[in-house]
Amino acid sequence: MNQSNLDDIATRIAYAAEQFTPSRRPNARQKADAAAVLRDMVQATATHGLGLADFDGIADFPRMAIQLVQHRDEQRQPEPGAPVIRGDQHGISGGVHHGDLVFRF
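First things first, this report covers the structure right here in the doc. (Residues numbered from 1 in each chain as written. Predicted model: local features only at pLDDT ≥ 70, side-chain atom pairs only at ≥ 80, totals over all residues. Heavy atoms only, no water.)

Side note on the overall build of the protein
Working step 1: Of the regular secondary structure elements, the protein holds 4 helices and 2 strands.
Working step 2: For the protein, the N- to C-terminal ordering of α and β elements is α-α-α-α-β-β.
Working step 3: Buried positions account for 30% of the 105 residues belonging to the protein.
Working step 4: Carbon and sulfur atoms make up 53% of the accessible area of the protein, which amounts to about 6600 Å² in all. (Helix = DSSP H or I, 4+ residues; strand = E, 2+ residues; numbered from the N terminus. Buried < 20%, exposed > 50% of the residue type's maximum accessible area, 1.4 Å probe, protein only. Areas by Shrake-Rupley, 256 points an atom, 1.4 Å probe, with all protein chains shown as cover.)

Okay, here's the thing in structure tokens:
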């Protein structure tokens, strides 16, 4: 998967994120994780001749990827008294590194 494909995924995730109400809008880390989930889904199905366009014809997969990540985060319970840190509180914008990849939003 090349940078152009990653940029396309990031654009789709950013667009889907804007559709959420402000109180449910994903933070930068959630957008990066959702982009990685969507990238992995596309890579896993590529061996079967499927691509991102095939996903578009079935459902709103970028939105689903965000919802999966948000659900995961909601299931995690922080230790009592531990501060909650959100990516957008630390000025993460424009691009988020996820492993060796960079997703540009």
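A word on the environment of Phe20
Working step 1: The topology assignment puts Phe20 in the loop between helix H1 (3-18) and helix H2 (28-46).
Working step 2: Look at Phe20 and you get buried, because its relative accessible area is 6%.
Working step 3: Note: C-alpha distance between Phe20 and Ile66 (46 residues apart in sequence) is 9.8 Å.
Working step 4: Once you skip the residues sitting within four places of it in the chain, Phe20 turns out to touch Arg25, Pro26, Arg63, Ile66, Gln67 and Gln70. (Contact = heavy atoms within 4.5 Å.)

Overview of the pattern of salt bridges
Working step 1: Following the criterion strictly, the structure yields 6 salt bridges and no others.
Working step 2: Salt-bridge contacts for Glu74 lead to Arg24; the nearest nitrogen and oxygen are separated by 2.6 Å. One end of the pair, Glu74, is in helix H4 (residues 61-75); the other, Arg24, is in the loop between H1 and H2, with 50 residues separating them in the sequence.
Working step 3: Judged by relative accessible area, Glu74 falls into the partly exposed class, the value being 40%.
Working step 4: Residue Arg72 is joined to Asp73 by a salt bridge in which the shortest nitrogen-to-oxygen separation is 2.8 Å.
Working step 5: Using a relative accessible area of 26% as the deciding quantity, one classes Asp73 as partly exposed. (Salt bridge = Lys/Arg side-chain N within 4 Å of Asp/Glu carboxyl O.)

Brief notes about the packing of H1 against H2
Working step 1: One can describe the packing of H1 onto H2 by two numbers: an axis separation of 9 Å at closest approach and a directional angle of 125°. Relative to H2, the element H1 lies oblique. For the crossing formed where H1 meets H2, the hand is right-handed. In this structure, H1 uses Leu6, Ile9, Ile13 and Ala17 to contact H2, whose residues at the interface are Lys31, Ala34, Ala35, Leu38 and Arg39.
Working step 2: By residue class, the composition of the contact of H1 with H2 is 7 nonpolar, no polar and 2 charged. (Axes fitted to C-alpha atoms, helices over the stretch in contact; angles between N-to-C directions. Parallel < 35°, antiparallel > 145°, perpendicular 65-115°, else oblique. Left-handed = near helix turned anticlockwise from the far one by under 90°. Nonpolar A, V, L, I, M, F, W, Y, C, P; charged D, E, K, R; others polar.)

Here's the deal with the nonpolar core
Working step 1: Judged by nonpolar contacts, the single largest core of 15 residues is most densely connected at Ile9, Ile13, Ala34, Leu38, Leu52 and Ile66.
Working step 2: Looking at this core, the elements that each hand over two or more residues are H1, H2, helix H3 (52-56) and H4.
Working step 3: Apart from the residues within four sequence positions on either side, Ala34 is in contact with Ile13, Ala65, Ile66 and Val69. (Core = buried A, V, L, I, M, F, W, Y, C linked by side-chain atoms within 4.5 Å.)

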